[in-house]
Amino acid sequence: MRDVSDAPDTSATPDRPSEVTVEPWWLDAIFYQVYPRSFADSDGDGVGDLTGVENMLGYLELLGVNALWLSPVMRSPMADHGYDVSDPRDIDPLFGDLAAMDSLVAAAHARGMKVTMDLVPNHTSIEHRWFREALASPPGSPERERYFFRDGRGPDGSEPPNNWPSIFGGPAWTRVTEPDGSPGQWYLHIFAPEQPDLNWDDPDVVADLHATLRFWLDRGIDGFRIDVAHGMAKPAGLPDHDWSDNELLHNTDDDPRFDNPEVHEIHRGIRKVLDEYPEAMTVGEIWVRDNERFGEYIRPDELHLGFNFRLAEAPFAADDVRAAIEQSLAAVAQVGGTPTWTLSNHDVEREVTRYGGGAVGRDRARAMLLVELALPGAVFLYNGAELGLPNVDLPDDALQDPVWERSGRTERGRDGCRVPLPWKGTEPPYGFTTGQPWLPMPDDWAPLTVEAQLEDVTSTLSLYRSAIELRANRPEFAGPEVDWYGSPAGCFAFRRREGGLTCVLNATSGPIMLPPGTLLLSSSPVVEGQLPPDSAAWLI
Ligand code: GLC
């Protein structure tokens with residue numbers, strides 16, 4: 001990380017500022033997303049946990065990442081694997097306890113790694129104290145005001161209050177039984193029925209999130225990934241919508257469930273708390289495609305970073321990838337923000353599979369890693385990507401994502417990218433657990449284990465390690481500007497204007513000649529100056 005605190009004292013020079021500026025650590029950090037259920041299990045119950053993460057910090061240090069992002073570890077009945085929080089200021093026993101969290105944070109800090117956590121402010125679990133109180137209280141009560149309780153439509157109120165669908169399928173409303181036993185009001189849940197949406201107009205909701213932020217920041221947490229950061233404000237009157245282009249797990253920019261202007265006031269409130277902790281940061285999950293509207297979330301008084309999913313959505317084709325990069329840079333440039341890059345996470349198909357699977361998919365994923373790490377800004381890596389893991393086709397009876405049942409078993413959901421990590425050995429569970437892994441692990445992952453890849457210089461893990469090390473240490477990666485060069489169809493080349501690194505992508509089916517320069521790294525072997533198909537190279 002850049003740290004100029006050792007720079008010479010220039011205070012004697014009248015035309016230079018006397019303060020030495022240290023750039024925020026997250027500006028060009030590599031974040032590693034730990035999906036805690038699937039990373040490493042220390043107690044043999046088949047589900048990963050915080051001590052498992054702590055035990056593997058040496059591995060993450062070797063990989064060279066700067067920060068962890070832990071998907072939710074707060075108390076939860078796990079209807080959506082932790083994205084349904086029943087107590088935001090405690091650790092779920094499945095993952096450990098507050099002492100285990102403190103221990104992980106201390107151990108990560110001792111190795112120079114930051115720890116960031118997922119926060120879920122859009123909704124709670126149905127087991128949250130507030131929701132139970134709301135169910136036990138009458139319509140119109142302050143307890144119900146913390147959520148969206150509405151009377152149903154139709155003469156007997158048996159129709160949902162509006163026509164919104166849930167992101168996971170089925171209606172976004174569930175009817176409750178009133179305390180006196182009569183059929184009652186409906187509550188809004190943009191996700192599963194176990195995830196009632198909070199009403200951010202209620203001051204209790206605002207105050208409680210601020211208390212949660214301070215609770216974790218005071219314990220040494222370095223920042224937060226904010227779940228559904230574009231969804232916390234709902235439009236007045238909750239109007240009906242024409243859903244003709246609705247898809248499960250996706251939203252368009254005109255979707256009334258998301259990106260309502262009032263959401264920015266919520267982010268300003270969060271930022272005020274964060275500013276009490278000057279080193280801390282937030283990154284929001286923002287599924288907004290319009291650049292101008294995306295940029296609004298990372299204005300100087302809102303989120304520090306916004307997740308940009310364009311690279312994760314682009315097919316492996318030079319023009320599409322280039323457009324994704326240019327759009328991502330443009331979206332943040334207008335507000336002086338920092339770009340972010342991600343190829344995958346716990347909600348999308350793994351890149352090896354997305355790019356075609358097998359050896360071709362793996363080669364393309366390796367190439368895209370070099371593209372991603374050549375760009376200015378912060379990078380988010382999803383656990384297992386460094387091993388080149390593919391998505392897994394799981395049997396029906398193993399599926400746990402609520403999407404599977406909610407869609408009437410038509411959508412398989414996201415379990416395929418959440419299969420536990422293989423650490424060592426030749427058969428499942430590959431050192432992940434001493435028990436039964438919570439999702440079955442494939443029989444053919446022996447070559448993909450950390451143990452198998454660590455000493456193999458041609459492995460995907462070795463490529464990640466080399467690329468991350470070069471990016472951290474070489475001056476050629478400096479500066480925010482990217483210039484594009486003319487290149488053959490199906491290829492592209494860009495150069496970091498300040499540092500001078502050139503990145504070439506060959507997405508065609510034949511080899512191409514590399515431009516002049518010294519080869520720093522390539523995703524497949526360069527022979528006589530030729531870059532093979534489905535490959536990328538770094539030149540200086
Ligand atoms: C976000 C999370 C996803 C979760 C949803 C509801 O999109 O990334 O995993 O299901 O929010 O909390």
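None of these values were measured; they are calculated from a predicted model.

1. Topic: the domain arrangement of the protein
Then comes step 1: Its domain assignment divides the protein into domain 1 (26-124 + 203-468), domain 2 (129-188) and domain 3 (479-539).
Then comes step 2: Inter-centroid distance (C-alpha atoms) of domain 1 to domain 3 is 29 Å.
Then comes step 3: Counting from both sides, the interface comprises 22 residues of domain 1 and, opposite them, 22 residues of domain 3.
Then comes step 4: Taking both partners together, domain 1 and domain 3 bury about 1,800 Å²; carbon and sulfur atoms supply 74% of that area.
Then comes step 5: Its largest share of buried area at the contact with domain 3, domain 1 owes to Ala318, Leu370 and Ala374, together 29% of the area lost on that side.

2. A closer look at the site of the ligand
Then comes step 1: What surrounds the ligand is a group of 14 residues, the closest being Asp80, Asp227, Glu285, His346 and Asp347.
Then comes step 2: In this structure, Asp347 approaches the ligand through a side-chain N or O atom, which is 2.4 Å from an oxygen atom.
Then comes step 3: A total of 310 Å² of accessible area belongs to the ligand in isolation, and the protein chains cover 96% of it.

3. As for a negative patch on the surface
Then comes step 1: Where like charges cluster on the molecular surface, the negative patch consists of Asp242, Asp245, Glu247, Asp254 and Glu411.
Then comes step 2: Locating Glu411 in the fold gives a position in the loop between helix 14 (402-406) and helix 15 (450-454).

4. Considerations on the packing of aromatic side chains
Between two aromatic rings, the relevant description is the distance of the centres plus the angle of the planes.
Then comes step 1: Counted according to the given criterion, the structure contains 21 aromatic pairs.
Then comes step 2: On the numbers, 5.1 Å between centres and 80° between planes, the contact of Tyr59 with Trp423 is edge-to-face. With Tyr59 in helix 3 (residues 57-63) and Trp423 in the loop between helix 14 and helix 15, this residue pair connects regions lying 364 residues apart in the sequence.
Then comes step 3: Aromatic pair Phe131 and Tyr187: ring centres 4.8 Å apart, planes at 70°, arrangement edge-to-face.

5. Some details on the sheet that holds strand 14 (residues 482-485)
Within a sheet, each strand pairs with its neighbour through backbone hydrogen bonds, oriented either parallel or antiparallel.
Then comes step 1: An order of 14-15-16-20-18 is seen for the five strands of this open sheet, with the pairing classed as antiparallel. At either end of the open sheet lies a strand with only one pairing partner, and these are strand 14 and strand 18 (519-522). Each neighbouring strand pair of the sheet contributes to a mean axis angle of 20°, computed without reference to strand direction.
Then comes step 2: For strand 16 (residues 502-506) and strand 20 (residues 535-539), the ladder comprises five bridges, and the chain directions are antiparallel. Bridge pairing in strand 20 places Cys503 opposite Trp538.
Then comes step 3: Against the sheet, helix 11 (residues 318-333) engages strand 14, strand 15 (491-496) and strand 16, with an angle of about 30° to strand 15.
Then comes step 4: Across the sheet, helix 13 (residues 358-374) lies against strand 15, strand 16, strand 18 and strand 20, angled at about 35° from strand 20, the strand it touches most.

6. Structural notes on the side chain of Asp401
Then comes step 1: Within the secondary structure layout, Asp401 lies in the loop between strand 13 (378-382) and helix 14.
Then comes step 2: Residue Asp401 is classed as buried on the basis of its relative accessible area of 1%.
Then comes step 3: Polar contacts involving the side chain of Asp401 include one to the main-chain amide nitrogen of Arg414, which spans 2.6 Å.
Then comes step 4: Each residue touching Asp401, except ones within four places of it in the same chain, is listed here: Gly413, Arg414, Asp415 and Arg418.

7. Considering the sheet that holds strand 6 (residues 149-150)
Then comes step 1: Taken together, three strands build an open sheet; the order of strands is 6-8-7 and the sheet is antiparallel. Single-partner strands in this sheet number two, and they are strand 6 and strand 7 (173-177).
Then comes step 2: By the bridge criterion, two bridges tie strand 6 to strand 8 (residues 183-188) in an arrangement that is antiparallel. From the neighbouring strand, Arg150 faces strand 8, where its bridge partner is Trp186.

8. Quick look at the UniProt feature "domain: Glycosyl hydrolase family 13 catalytic" (unreviewed entry) in the protein
Then comes step 1: Listed under "domain: Glycosyl hydrolase family 13 catalytic" (unreviewed entry) in the UniProt record, and renumbered for this structure, are residues 33-418.
Then comes step 2: The distance from the first to the last C-alpha atom of residues 33-418 is 12 Å, and the span holds 32% helix and 13% strand.

9. What to know about the packing of helix 7 (residues 203-218) against helix 8 (residues 263-274)
Then comes step 1: At their nearest, the axes of helix 7 and helix 8 sit 10 Å apart, and the two run at 30° to each other. In terms of orientation, helix 7 lies roughly parallel with respect to helix 8. As helix 7 packs across helix 8, the resulting crossing turns out to be right-handed. Contact with helix 7, carried on its side by Leu209, His210, Leu213, Arg214 and Leu217, involves Gly269, Ile270, Val273 and Leu274 of helix 8 and no other residues of that element.
Then comes step 2: Looking at the contact of helix 7 with helix 8, its residues break down into six nonpolar, two polar and one charged.

Parameters at a glance
Residues numbered from 1 in each chain as written. Predicted model: local features only at pLDDT ≥ 70, side-chain atom pairs only at ≥ 80, totals over all residues. Heavy atoms only, no water. Domains from an automatic or database assignment. Contact = heavy atoms within 4.5 Å. Buried area = accessible area lost by both parts, 1.4 Å probe. Near = heavy atom within 4 Å. Polar contact = N/O pair within 3.5 Å; in protein donor to acceptor, adjacent residues only side chain to side chain. Areas by Shrake-Rupley, 256 points an atom, 1.4 Å probe, with all protein chains shown as cover. Patch = residues over 30% accessible without salt bridge, like charges linked within 9 Å, V, L, I, M, F, W, Y side chains within 5 Å. Salt bridge = Lys/Arg side-chain N within 4 Å of Asp/Glu carboxyl O. Lys, Arg positive; Asp, Glu negative; His and termini not counted. Charge placed at Lys NZ, Arg CZ, Asp CG, Glu CD. Helix = DSSP H or I, 4+ residues; strand = E, 2+ residues; numbered from the N terminus. Phe/Tyr/Trp six-rings, centres within 6.5 Å; stacked < 30°, edge-to-face > 60°. Pairing = 2+ DSSP bridges. Axes fitted to C-alpha atoms, helices over the stretch in contact; angles between N-to-C directions. Buried < 20%, exposed > 50% of the residue type's maximum accessible area, 1.4 Å probe, protein only. UniProt positions renumbered as here; feature names shortened; annotations may be inferred. Parallel < 35°, antiparallel > 145°, perpendicular 65-115°, else oblique. Left-handed = near helix turned anticlockwise from the far one by under 90°. Nonpolar A, V, L, I, M, F, W, Y, C, P; charged D, E, K, R; others polar.

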